[in-house]
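Reading the structure
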Number of protein chains: 2
Amino acid sequence: MKRTVYFLADHTGITVEAMGRSLLSQFDSFEYETVHWPFIDGLEKARRVAERINQTTMESGQKPIVFTTLVDPSIRDYFKTLDVPVMDFFETFTTRLEQELGLPSSHALGQFHTTKNGRAYDQRIHAVNFALNNDDGAITKNYETADLILIGVSRSGKTPTCLFLGLQHSVLAANYPLTDDDLHSDLLPKILNGYKDKLYGLTIDPHQLQRIRQERRPDRRYSSLEQCKMEVKLAEGLFKHYNIPYLETTSMSIEEISARLIQHIKRVA
Amino acid sequence: MKRTVYFLADHTGITVEAMGRSLLSQFDSFEYETVHWPFIDGLEKARRVAERINQTTMESGQKPIVFTTLVDPSIRDYFKTLDVPVMDFFETFTTRLEQELGLPSSHALGQFHTTKNGRAYDQRIHAVNFALNNDDGAITKNYETADLILIGVSRSGKTPTCLFLGLQHSVLAANYPLTDDDLHSDLLPKILNGYKDKLYGLTIDPHQLQRIRQERRPDRRYSSLEQCKMEVKLAEGLFKHYNIPYLETTSMSIEEISARLIQHIKRVA
């Protein structure tokens, strides 16, 4: 029976889950089920969660592991009275930061992932909309304001990367697909000529590309291995010829691709 | 002069930044600049970062605060030799988890935010594509496989919420806009009739809606306060009449809206 892991938070619980999963990913052979319990903003809710935790212990015969980013000391302390291991991410560091900064912490519930920092939040939403509106080369008039223009063959990962760059990093990312015509001309598409400093290429192993395309539009030229190989070869040739930096994304997540792109932007900027 | 905060990681650095910013959001009056340094995967890189940290101390006259999720103990220990406060998120908890699980940690760099858990990663990307393909009511044939269908007036926050639900939570979320025609009929759009259990409404303060629309398409009926008030009133009437759960999202971030929706799905499921 898999052990149960609880992620408890007084707000969205996104941070506690990221932190807990990061730590647990260091234990390869440990398999677990998760219970994600956000918005625990009072002792009454905490008691209901505690009941569920105790029930898990009884039913599974194993103590669940509890991760928390709870801010309210009384709720935090309450969970520590339970007979389960509690990994409290805030307690240690809040005390140290109070000393270091010479400031009291506000103990205000879930200040992160809110709209309270209005301008920063608006920028993120603006960046998501920018990615949506400047996807796939349909609209090119906003390239002037883009931070980055991703180029690559169809299904090389441009769209989800642009969305993530907007959502997570407030980066204004457009993307332009390199079509058959573009690739065979051996020339950079005209529209991109004025924005060479913003261009970044994504490329991918042709076999993986073929698998992805095959799922989308099976058994066409588009999804043949031959076509994929040819497109990838021409695209990489174009990147090299024009000295456009590019990433081989075959085994990379969009988080990893985005982190690399952020580094690139900062170096260029 | 603002104090500098460093986020150091051996991988994408997303977790350390979330954790650090969450903690610092507890100190209202603390203003800071950030340096985000991912992919510190060896001592040589660590030394370059350390030089920069020392430079910051000298130039600003203030010791930067360093947050890390570094896994390699030798790199971790190296940063502790610097004369700056280091908040090490992994050290304490890795040791405790080793004891609790009776397993050694792998000390493998950045296992989270990778594609290594292939199926889970593919599901997330599939969910992002689902949100893109089933946005704005243009395509309705996939509602059968949707986990959730968000409905609401134009610019009530449906699209970014659907994208975030896919990206963060692998939820298959479609959305359908309630148009003027829909609203004046006082009837649920026909296409939605078969999916009542998947529907969830988003609503918003008409004044905020007017501000958002005004930015998008200024000075039209679409962005008049009168029109916004009318649409919101009719949409909320529809939600109530058909007993469709809904959220008032005016001061909510997409993370907050999504966390509430996840709770709803789990209760319904």
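Residues numbered from 1 in each chain as written. Chains lettered and ligands numbered in written order. Predicted model: local features only at pLDDT ≥ 70, side-chain atom pairs only at ≥ 80, totals over all residues. Heavy atoms only, no water.

Per an unreviewed UniProt entry, chain A goes by Putative phosphoenolpyruvate synthase regulatory protein and derives from Candidatus Thiodiazotropha endoloripes. Its UniProt record gives chain A a comment under Function (unreviewed entry), which states: "Bifunctional serine/threonine kinase and phosphorylase involved in the regulation of the phosphoenolpyruvate synthase (PEPS) by catalyzing its phosphorylation/dephosphorylation." Its UniProt record, at the heading Sequence similarities (unreviewed entry), says of chain A: "Belongs to the pyruvate, phosphate/water dikinase regulatory protein family. PSRP subfamily." (UniProt positions renumbered as here; feature names shortened; annotations may be inferred.)

On to the packing of helix H6 (residues 158-169) of chain A against helix H10 (residues 254-268) of chain A, then. Residue and element names in this part refer to chain A. Their axes nearest at 9 Å, the elements H6 and H10 cross at an angle of 70 degrees. Our classification of the angle between H6 and H10 gives roughly perpendicular. H10 is crossed by H6, and the crossing has right-handed handedness. For the pair H6 and H10, contact is made by Pro160, Thr161, Phe164, Leu165 and His169 and by Ile254, Glu255, Ile257, Ser258, Leu261 and Ile262, respectively. Of the residues in the contact of H6 with H10, the class split is 7 nonpolar, 3 polar and 1 charged. (Axes fitted to C-alpha atoms, helices over the stretch in contact; angles between N-to-C directions. Helix = DSSP H or I, 4+ residues; strand = E, 2+ residues; numbered from the N terminus. Parallel < 35°, antiparallel > 145°, perpendicular 65-115°, else oblique. Left-handed = near helix turned anticlockwise from the far one by under 90°. Contact = heavy atoms within 4.5 Å. Nonpolar A, V, L, I, M, F, W, Y, C, P; charged D, E, K, R; others polar.)

All names here are of chain A. For helix H2 (residues 43-60), which comprises 18 residues, the first-to-last C-alpha distance of 25 Å matches the rise-based estimate of 26 Å (1.5 Å per residue) to within 8%. For H2, the complete set of buried residues consists of Ala46, Val49, Ala50, Ile53, Thr56 and Ser60. In an axial view of H2, the angular spread of the buried residues amounts to 115 degrees, which keeps them on one side of the axis. Turned more than 90 degrees away from the buried face of H2 sit Glu44, Glu51, Met58 and Glu59, all of them exposed. In the core, the buried residues of H2 are packed alongside strand S1 (3-8), strand S2 (32-37), strand S3 (65-68) and helix H3 (73-80). (Expected span 1.5 Å × (residues − 1). Buried < 20%, exposed > 50% of the residue type's maximum accessible area, 1.4 Å probe, protein only. Arc of directions from axis to C-beta.)

Looking now at the environment of serine 74 of chain B. Relative to the helices and strands, serine 74 of chain B is located in helix H3 (residues 73-80). Through-space distance from the C-alpha of serine 74 of chain B to that of serine 105 of chain B is 15 Å; in sequence the pair is 31 residues apart.

All right, on to the pattern of salt bridges then. Going through the model one piece at a time under the given rule, you end up with 20 salt bridges over all chains. For arginine 221 of chain B, the salt bridge goes to aspartate 180 of chain B, with nearest N and O atoms at 3.3 Å. Remark: aspartate 180 of chain B occurs in helix H7 (residues 180-185) and arginine 221 of chain B occurs in the loop between helix H8 (206-216) and helix H9 (225-241); sequence separation between them is 41 residues. Its relative accessible area of 56% is what places arginine 221 of chain B among the exposed residues. Taken together, the salt bridges that share partners define one network made up of Arg76, Lys80, Asp88 and Glu91 of chain A. (Salt bridge = Lys/Arg side-chain N within 4 Å of Asp/Glu carboxyl O.)

With that settled, consider the packing of aromatic side chains. Going through the model one piece at a time under the given rule, you end up with 14 aromatic pairs over all chains. On the numbers, 5.8 Å between centres and 25 degrees between planes, the contact of phenylalanine 7 of chain A with phenylalanine 67 of chain A is stacked. With phenylalanine 7 of chain A in strand S1 and phenylalanine 67 of chain A in strand S3, this pair connects stretches of sequence that are 60 residues apart. Pair check on accessibility: phenylalanine 7 of chain A and phenylalanine 67 of chain A agree, each one buried. Ring centres of tyrosine 143 of chain A and tyrosine 195 of chain A lie 5.8 Å apart, and the angle between their planes is 90 degrees; this geometry places the pair in the edge-to-face category. Placement of the pair is tyrosine 143 of chain A in the loop between helix H5 (118-133) and strand S5 (148-152) and tyrosine 195 of chain A in the loop between helix H7 (180-185) and strand S7 (199-203), with a sequence separation of 52 residues. Among the residues examined, tyrosine 195 of chain A registers a relative accessible area of 18% and is labelled buried. Counting every residue linked through ring pairs, the aromatic cluster contains Phe7, Phe67 and Phe89 of chain A together with Phe93 of chain B. Here the basic side chain of arginine 213 of chain A rests over the ring of tyrosine 222 of chain A, its NZ or CZ set 4.4 Å away from the ring centre. (Phe/Tyr/Trp six-rings, centres within 6.5 Å; stacked < 30°, edge-to-face > 60°. Lys NZ or Arg CZ within 6 Å of the ring centre and 35° of its normal.)

With that out of the way, let us pick up the pairing of S7 of chain A. Residues and elements named next belong to chain A. Counting buried residues along S7, 5 of its 5 residues qualify, which places the element largely inside the surrounding structure. As defined by bridge partners, S5 adjoins S7 across 3 bridges and the pair is classed as parallel. Counted as the bridge partner of isoleucine 151 is glycine 201 from S7. Where S7 and strand S8 (residues 246-248) come together, 3 bridges link them in parallel fashion. Residue pairing for S8: glycine 201 is matched across the bridge by tyrosine 246. (Pairing = 2+ DSSP bridges.)

Once that is clear, we can look at the interface of chain A and chain B. Contacts between the two partners involve 71 residues from chain A and, on the opposite side, 71 residues from chain B. Here chain A and chain B share an interface that buries about 6,500 Å² over both sides, 69% of which is from carbon and sulfur atoms. In terms of surface lost to chain B, no three residues of chain A exceed Gln26, Phe27 and Phe93 of chain A, which account for 11% of the buried area on that side. Counting the contacts that link chain A with chain B gives 4 salt bridges. Glutamate 255 of chain B is paired through a salt bridge with arginine 124 of chain A; the nearest N and O atoms lie 2.4 Å apart. Taken together, chain A and chain B are joined by 16 residue pairs in polar contact (both at pLDDT 80 or more). For the side of chain A that touches chain B, the secondary structure elements donating two or more residues are helix H1 (14-24), S3, strand S4 (86-88), helix H4 (91-101), H5, H6 and H10 of chain A. For the side of chain A that touches chain B, the element with the most residues is H1 of chain A, which contributes 8 residues. For the side of chain A that touches chain B, the residue count by class is 35 nonpolar, 23 polar and 13 charged. (Buried area = accessible area lost by both parts, 1.4 Å probe. Polar contact = N/O pair within 3.5 Å; in protein donor to acceptor, adjacent residues only side chain to side chain.)

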